[in-house]
Amino acid sequence: MNKAAKILGAFLLVIFILLMVFPLAFKGKVKSMIIKEANKGLNANLAVGNVNLSLIRSFPAVLVSLQQLIITGAGSFEQDTLIKIKTLSVSTGLMDLLNGNPYIIKKIRIDNADLRLKVLADGQENWDIIKPAEDGVSAEESEPFLLKLKSLVINDSRMVYDDKPNVTFFVLEEMNHNLSGDLGADFTSLITNTRISNAMFIYDGIEYLQDAVIDWKANLDIDLVKYIFTFRDNKLVINDFPIVFNGTFGMPEEGYDLDLTFSTPDNQFKQLLSLVPAVYARDFSSVETDGKISFNGMVKGKYIDEQYPAFDINLLVENAWFRYPGLPAAVDGINIGAKIESPGGDLDKLVVDVKNLAMKLAGNPVSGRIYLKNLMTDPYLDTRILADLNLADI
C-alpha cells in the first residue's frame, strides 16, 4: 500500500470515529437544550424519555431523535395529555448545533403520535400553550427554532378532537401523511399524501362517519407571505366517494377567506352509497348497485366567528338501486334532487330544499319533499312524505 493510500485511509478512519463519537458528546447538551427552551416558551409540561443523535445517516446534517415525548397541560388541562409521541426525529445543521440557536429545521418525522385536542365549554383550548413574546422582543428573535421544512412525515398516528361549544367530535386513527416542498420560501409548491384508515365524525349528536377510510392526494401552490393556498391536482376520497377541489383558501390576520368549488369526478351511485355508515360497514364490496349521480358545490367568502361564507351544494341521483346478496328484494327507483344554499353571513339564511325524494322498498313506493329555512330564529319546515307500504314485504 503506498503512502497516499495510507494517509487517505487514516483520514477516513478519523472521520468515521468523529461521526460516531460526536453524537455521544452532544447528546446530554441537546436534551437539556430542548427541555430548557420548552420551559421558556410553553405554558405546559414537556417530558422526553431519551435523545439520540446521528451524523452517519444524515451527514452533513444532524438527525436528532426524541423518544417518548409527552406534553401535558397546565391550569384547566393539568391532568390532560396534549400529545404523546413515540419517536420525533428532526434534521438540523451541524453548525447550528455547534453555534447555538436559531436551529434551522428542514425535516421532521413523527412516528406513533397520539394528539388529543380539546375545547372546553367556556372556550378554553388545550393547544393554546405558547407563551407570548416578551415586550421589546420580536417573535422571530424569541424563536429558538426556525422551520424551513422540506419534508414532513407522519406515521401510524392518532388524533382526537373534542369541541364542546361546537358539539363536534372526531377521531382519526392510523393516520399517515407525507409532505414535500420548501416551506422556507415565500412562494412554493407542496406535494401532500394523506391516508386515514379509520375515521369517525359526530356533529351535534349525529354520527356522519364511522370506520371511514380517507385518502387525500393534493398538489398546492402556496403564498407564504399572504398565506394563500391554491389547489392544483388533488383528489379526496372518503370510503369510495371521490371529490376534487379547485380555487383558493386564505388565512388573513382574522378568520379564513375561501373561494372554492368542488365536485365528484365520477358519477356512480355506489360511490355515494359508501358514505352511509351502516351500508359501508356491512360487506360493502358485495353490494349490488347501479345508478348515476351528480354532486357539486362552492364556498365563497370569509369565515370569521359567526360570519359564514356563501355556499351552494347540489346533489342529483337518477334511477339508482342497491341490494345485498342473499336478500330477496332491492331498494330501487331511487331519485333524489337536493340543494343546500346560503348567501353568506348569518346561518339563518340557509335553505335546505329536497325537491324530490323517491324510492321503492321491495316494490313499495315512498316519495316526498323537504323544505327548511330560518333555522336559527324561526324554523320553517314544509315536508310531505307519501308511502304505500306492505310491512310483510320489507
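Each remark here, short or long, concerns the structure printed above.
Given the structure is predicted, the values throughout are model-derived calculations rather than measurements.

I tried to follow the side chain of T194 on my own but got confused; where do I start?
Checked against the element boundaries, T194 lands in strand β8 (residues 187-203). Given the relative accessible area of 15%, T194 is considered buried. Within the structure, T194 has its side chain in polar contact with the side chain of H177 (distance 2.7 Å). Once you skip the residues sitting within four places of it in the chain, T194 turns out to touch N176, H177, I214, D215 and W216.

Looking at this model, I keep getting lost on a negative patch on the surface. Mind explaining?
On the surface, E253, E254, D305, E306 and D346 cluster together into a patch of negative charge. Within the secondary structure, E253 is located in the loop between β11 (241-250) and β12 (256-263).

I tried to follow unusual backbone geometry on my own but got confused; where do I start?
Where the residue is not glycine, phi is negative for most of them; where a peptide bond is considered, it is trans in most cases. Residues other than glycine seldom take positive phi values, yet D305 does so here, at roughly 50°. Within the fold, D305 resides in the loop between β13 (288-303) and β14 (310-323). Taking the relative accessible area as the measure of exposure, D305 reaches 61% and is therefore exposed. Its identity is not glycine, yet A362 carries a phi of approximately 55°, on the positive side.

Whenever I open this one, the environment of I293 confuses me. Can you help?
Checked against the element boundaries, I293 lands in strand β13. With a relative accessible area of 6%, I293 lands in the buried category. In this structure the C-alpha to C-alpha distance between I293 and Q271, which are 22 residues apart in sequence, comes to 9.1 Å. In contact with I293, not counting residues within four places along its chain, are F241, T264, N267, Q268, F269, L272, L316 and V317.

Parameters at a glance
- Residue indices begin from 1 for each chain and proceed along its sequence in written order.
- Two thresholds apply to this predicted model, a pLDDT of at least 70 for residue-level local features and 80 or more for giving and counting side-chain atom pairs, whereas whole-chain, interface and lining totals are computed over all residues.
- Side-chain metrics rest on all non-hydrogen atoms present in the structure, leaving aside hydrogens and water.
- Where helices and strands are cited, they refer to DSSP runs of H or I of at least four residues and of E of at least two residues respectively, numbered from the N terminus.
- Remark: exposure states derive from per-residue accessible area (1.4 Å probe, protein chains only) relative to the maximum for the residue type, with buried under 20%, exposed over 50%, and partly exposed in between.
- Nitrogen and oxygen atoms within 3.5 Å of one another constitute a polar contact, given that in protein one can donate a hydrogen and the other can accept it, and given that sequence-neighbouring residues count only through two side-chain atoms.
- Contacts are assigned to residue pairs that have any heavy atoms within 4.5 Å of one another.
- Residues enter patches when their relative accessible area tops 30% and they take part in no salt bridge; the joining distance is 9 Å for like charges and 5 Å for the nonpolar side chains Val, Leu, Ile, Met, Phe, Trp and Tyr.
- For accessible areas, the Shrake-Rupley method is used with a probe of radius 1.4 Å. Any residue's cover is judged against the shown protein chains and nothing else.
- By definition, a salt bridge exists where a carboxyl oxygen of Asp or Glu is found within 4 Å of a side-chain nitrogen of Lys or Arg.
- Within this scheme the basic residues Lys and Arg register as positive and the acidic residues Asp and Glu register as negative, but His and the chain ends are omitted.
- Charge positions come from single atoms, namely NZ of Lys, CZ of Arg, CG of Asp or CD of Glu.

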